[in-house]
Amino acid sequence: MAMTLDVNGKPLAVKAAPDTPLLWVLRDELGLTGSKFGCGVAQCGACTVLADGQPIRACVMPIEGLAGVKITTIESLGGNSPLQQAWVKHDVPQCGYCQSGQIMSATALLAAKPNPTDADIDAAMDGNICRCGTYQRIRAAIKDAAGMAPAATPVAAPAAPAKS
Amino acid sequence: MNKILSPRETQGATRRDLVVGATLVGGALLVGCSPGDLLSVGAKEDFGAFGPFIKIGADGAVTVISKHIEFGQGNHAGLAAIVAEELDADWTKVKVEQAPAIAKVYANTGMGVQGTGGSSAISNSWTQLRQAGAGAKAMFVEAAANKWNAPAGEITVKDSVVSHAKSGKSATFAELLPEAGKIAPPKAPVLKDPKTFTLIGTDRVRRKDSQAKSDGTARFTQDVQLPDMLVAMVAHAPRYGAKVASFDATEAKKVAGVVEVYQIPTGVAVVAQNTWAARKGREALKVSWDESGAEKASSDTLAANYRQWAAGKGTLPEKTEWQAFETKGDAAKKVQGTIFETTYDFPFLAHAAMEPMNCVAQVGTGKAKLTFGSQIPTVDQLNTAKIVGMLPGAVEIETLFAGGSFGRRANFQSDYVAECVEIAKKVGKMRPVKLVWTREDDMAAGYFRPLTHHALKITLDKDGYPVSWRHRVVTQTLMKGSPIPTKGVDETTVEGTKGSPYLKATPVVDAQVLMPDVNIPVLWWRSVGATHTAFVMEHTIDQLARKAGKDPVAYRRTLYEKAGATRHLAVLNLAAEKAGWDKPAPAGWSRGIAVHESFGTLVAQVAEVKLVDGQPKVGRVITAVECGTPISPDQIAAQMEGGICYGLSAALYGKISLKDGVVEQTNFDTYRVLRNSEAPTVETHIFPSGNAPSGTGEPGTPVIAPAVANALLALNGQATGSLPFMKA
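The structure displayed is predicted, hence computed values, not measured ones. (Residues numbered from 1 in each chain as written. Chains lettered and ligands numbered in written order. Predicted model: local features only at pLDDT ≥ 70, side-chain atom pairs only at ≥ 80, totals over all residues.)

Q: Any chance you could explain the overall build of chain A here in plain terms?
A: Helices and strands together make up the secondary structure of chain A, namely five helices and five strands. Along chain A, from the amino end to the carboxyl end, the secondary structure elements read β-β-α-β-β-β-α-α-α-α. For chain A, the residues scored as buried account for 61% of the 164 residues in total. Across chain A, the fraction of contacts at a sequence separation of at least 24, relative to all contacts at a separation of at least 6, is 68%. (Helix = DSSP H or I, 4+ residues; strand = E, 2+ residues; numbered from the N terminus. Buried ≥ 20, exposed ≤ 12 C-beta atoms within 10 Å, placed from the backbone. Contact = placed C-beta atoms within 7 Å.)

Pasting the structure below:
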């Protein structure tokens, strides 16, 4: 019942049942634990990854619908993307648990709108909850990153090796 | 002039600290041991030359060992900076590592046990870490003095480089390490004059974990992957106090990946090879519950009872009585003046940390290891030891980052930890078990900020200032389940009303609390008693000022001067000045101010508010904070920003309700929280102080709700008698 997922530019064979949400395949089977579990019902955005460049909530996305879709996770950004640099510069994270999801939503936003307005940020980021309340710095970091580079395009990087 | 109290003298958490400590050490003292020693029996103690708080590698890199968990507060940056300042280490290369669980060495000096809470990480470590840093520095200085045959007094240290100007000699920490490591640490290291600090209080003190938390590599409990690890989910009873009557695991065991199903004290655990299998297995379980001992209270009924009791009506439950927590003057004597009466209702609140509660446990014969975000490791050790049957000190804990806590990870029962240990004990053989709670598990599990009611009757003199203050609070105690019985008032539930400068300025005070026993688990929630007392005191004061026809800032000034509350006055004036209180509010916005002390820190906030579709929208919040010596101005600002969002989230939307004992909210769709577009822009201003530092993790939280309510009062003259602002 194995299927192949395109994760961070690599075709990866996965053994999980087809109804398994992408999040648990990424985390438990592929060892990509940057994307987090927060609510399981697409309410908090901690699990946000990109599917063909669009932000999706991996916690409610069964893998059976994802054949041929390019999945991009936080691990592919390399740690030094303009957004990640801005995140560090502004010391955005507090507990940090939601930040992978925040950065993935912001990555999709900047790819679509290199110079987002406040209304664009509201629309793109309201699906990502931060209980520590880092919202103000998230907004500042997005604006900063928008000024840093034309667009924060995800860089393909190797995924962690699949576990047996 | 009034003496400015040090944070320790005013710290609201003191009693809680003592109770936690006393609880744990009570038994130890009976057998004549020092508590730290007893709780540490069986622990490995193997520290390097520079003691338990500092490691210096062969490359000279300094690692500071944090006895406190980092779950957002930024304490790792502050703790490391204290050491780096005294050691004169190169701050850019300083790293932070989490301490193991050894109460004897890593106890919170305010609690007597190892733990993080009460906004105390920095304050309780201040002297301890300064001494550690200064001690290590002295070892390098002495090593250099010996090596260069120079007087120690002529040796200087800067950025991990030791120098002797006269001879022109210098050496790095790395180069001097072999000699310095052999020097005996000084017994009483000389600390710097704070005037000479070059790192503390500067913008260079920034977080050390931002990179790892921005690239997905920071390790949380949820991320733990160990060889052979199993994942567990537990079917919990729908009501507190219910027990498993029977269960049928036939279908659950058919789910691919499910390994075993166990009955444990808190329910039925499905253990599987991965998270999704555990979840599907749990869905396939059939469990019947014995609800004979279950709590079936509804929050609406409880709230109605609380209101009745506070009004002196109805019959009090058995063994429940009013207890005075602040009394002054003769309350029975009739006082002349205008009467002002008001009541407030506050709902249960969930902490709803981003990372649902979880734990990884391994249990073998007479041994156990926990890997998770442990907030009070000593308590978690004790509760684990009880289940496994071993010495608490021998329970190994590796503390990871936690995705928030806000108080939730610190409870006397170690609820989710104990649950994980029970399962790991069934599995045995030190095989790792990761207990995963879903958001629904987390929200239904209780440990809420308690439902609370306040009723006030204040008599005012001809100028509109209080001459007598009658105050009644009804709320559950937070100390239930503490291993030693608590007598008298649980002060954590009334802190903020107790000790208020407004009560100090009032000649007659009669303040009492009623703590009914309800089987709904409650717990401290970021800023604890202040979550409701700050609202009650600050919103009441604005109503009194309005009634007196006085400006709320001027009215407060009069009372603070009367009470000798100089620190309150300082932050009030700073916030008012920075907000331009003497000028009209920005067009279209209404303004409200509130001031509150918690955990030894003073916070004043001016909130700019307007109504959008009938709901309050907060634009800008100007915050003034006085927390003693500021270590990291940037992280103090971050805690004000975050604390305000956390408090505003609850003020706008937060409400947990129970119907016949069942929690009605399940996830973020029914327990609404603040989102990015709703977050205010916070401006933080730090009032300079040379006192010992006090905490900032909690004190920003309780001030925002009354500031918003006061802005609404100014806008439309309507007072807010209950939270949240948004009604259903």
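Q: What is the right way to look at the overall build of chain B in this model?
A: Tallying secondary structure elements over chain B gives 19 helices and 26 strands in all. Within chain B, counting contacts between residues at least 6 apart in sequence, those at least 24 apart form 78% of the total.

Q: Teacher, can you tell me more about the sheet that holds strand β23 (residues 615-626) of chain B here?
A: Residues and elements named next belong to chain B. Strand order in the open sheet formed by four strands is β21-β22-β23-β26, and the pairing between neighbours is mixed. On the outer flanks of this sheet lie β21 (590-598) and β26 (681-686), each paired with one strand and no other. Averaged over all pairs of adjacent strands, the angle between strand axes in this sheet comes to 20°, irrespective of strand direction. Sheet analysis places β21 next to strand β22 (residues 601-612), joined by nine bridges and oriented antiparallel. (Pairing = 2+ DSSP bridges. Axes fitted to C-alpha atoms, helices over the stretch in contact; angles between N-to-C directions.)

Q: Any chance you could explain the interface of chain B and chain A here in plain terms?
A: When the parts of a complex come together, some accessible area is lost, and that lost area is often used as the size of the interface. Counting residues at the interface gives 48 residues for chain B, matched by 47 residues for chain A. Considering every element that reaches the side of chain B that touches chain A, the biggest residue donor is helix α18 (residues 633-652) of chain B, with seven residues. Partitioning the side of chain B that touches chain A into residue classes produces 18 nonpolar, 18 polar and twelve charged. (Nonpolar A, V, L, I, M, F, W, Y, C, P; charged D, E, K, R; others polar.)

Q: For this particular structure, what's the right way to read the confidence of the model for chain B?
A: In low-pLDDT segments, the atomic positions of the prediction should not be examined closely. Residues and elements named next belong to chain B. Scored by pLDDT, chain B comes out at a mean of 93, with 93% of its residues at no less than 70. Between residues 1-33, whose pLDDT stays under 50, and residues either more than four places distant or in other chains, the model counts 60 contacts. Model confidence for the complex is summarised by a pTM of 0.94, with the ipTM given as 0.94. (pLDDT = per-residue confidence, 0-100.)

Q: Help me understand the sheet that holds strand β19 (residues 466-475) of chain B, please; the structure alone is not making it clear to me.
A: Strand pairing in a sheet relies on backbone hydrogen bonds, with the paired strands running either antiparallel or parallel. Residues and elements named next belong to chain B. The strand order across the open sheet built from five strands is β12-β20-β19-β18-β13, with neighbouring strands paired in mixed fashion. Each of the sheet's edge strands pairs with one partner strand only, and the pair in question is β12 (323-328) and β13 (338-346). Pairs of neighbouring strands in the sheet enclose a mean axial angle of 10°, with direction left out of account. Note: strand β18 (residues 452-460) against β19, nine bridges, orientation antiparallel. By the bridge assignment, Thr 459 is partnered in β19 with Ser 468.

Q: Explain the pairing of strand β16 (residues 396-399) of chain B here, please?
A: For a regular strand, side chains alternate in direction, first toward one face of the sheet and then toward the other. Only one face of β16 of chain B is buried, namely the one carrying Ile 397 and Thr 399 of chain B, since none of Glu 396 and Glu 398 of chain B on the opposite face is buried. Assessed by its sense of winding, the connection that carries the chain from strand β15 (residues 367-372) of chain B through helix α11 (residues 377-388) of chain B to β16 of chain B is right-handed. (Right-handed = clockwise from strand over helix to strand, strands pointing away.)

Q: Any chance you could explain the nonpolar core here in plain terms?
A: Proteins that are soluble and globular tend to have nonpolar side chains buried together. Residue and element names in this part refer to chain B. Judged by nonpolar contacts, the single largest core of 227 residues is most densely connected at Ala 232, Val 270, Val 433, Ala 575 and Val 708. In terms of residue count, the dominant contributor to this core is α18 (eleven residues). If we skip the residues at most four places from it in the chain, Val 270 touches Ala 232, Met 233, Ala 252, Val 258, Val 261, Ala 278, Gly 281, Arg 282 and Leu 285. In terms of nonpolar packing, the next biggest core, distinct from the first, is built from 42 residues, Leu 79, Trp 126, Ala 136 and Ala 143 among them. (Core = buried A, V, L, I, M, F, W, Y, C linked by C-beta atoms within 7 Å.)

Q: How should helix α16 (residues 552-563) of chain B be read in this particular structure?
A: Note that an α-helix has 3.6 residues per turn; residues three or four places apart therefore point the same way. Residues and elements named next belong to chain B. Helix length check: α16 (twelve residues) gives 16 Å between terminal C-alpha atoms against 16 Å at 1.5 Å per residue, within 8%. Residues of α16 that are buried include every one of Pro 552, Tyr 555, Arg 556, Leu 559 and Tyr 560, and no others. On an axial view of α16, the arc spanned by its buried residues comes to 130°, and they lie on one face. Those residues of α16 that are buried are in contact with α14 (501-504), α15 (530-547), α17 (566-579), β21 and α19 (704-716). Positive backbone phi, approximately 70°, marks Gly 564, located one or two places after α16. (Expected span 1.5 Å × (residues − 1). Arc of directions from axis to C-beta.)

Q: Could you clarify how one ought to interpret unusual backbone geometry in this entry?
A: Outside of glycine, negative phi angles account for most residues, and trans bonds account for most peptide bonds. All names here are of chain B. With omega at 0°, the peptide bond leading from Leu 723 into Pro 724 counts as cis. Tracing the chain through its elements places Pro 724 in the segment after α19. Despite not being glycine, Ser 160 shows a phi value in the positive range, around 65°. For Ser 160, the location among the structural elements is in the loop between β4 (155-158) and β5 (161-164). Using a count of 23 C-beta atoms within 10 Å as the deciding quantity, one classes Ser 160 as buried. Phi is positive for Phe 406, close to 60°, though the residue is something other than glycine. Along the chain, the position of Phe 406 falls in the loop between β16 and α12 (415-427). In this structure Phe 406 comes out as buried when scored by C-beta crowding, with 27 C-beta atoms within 10 Å.

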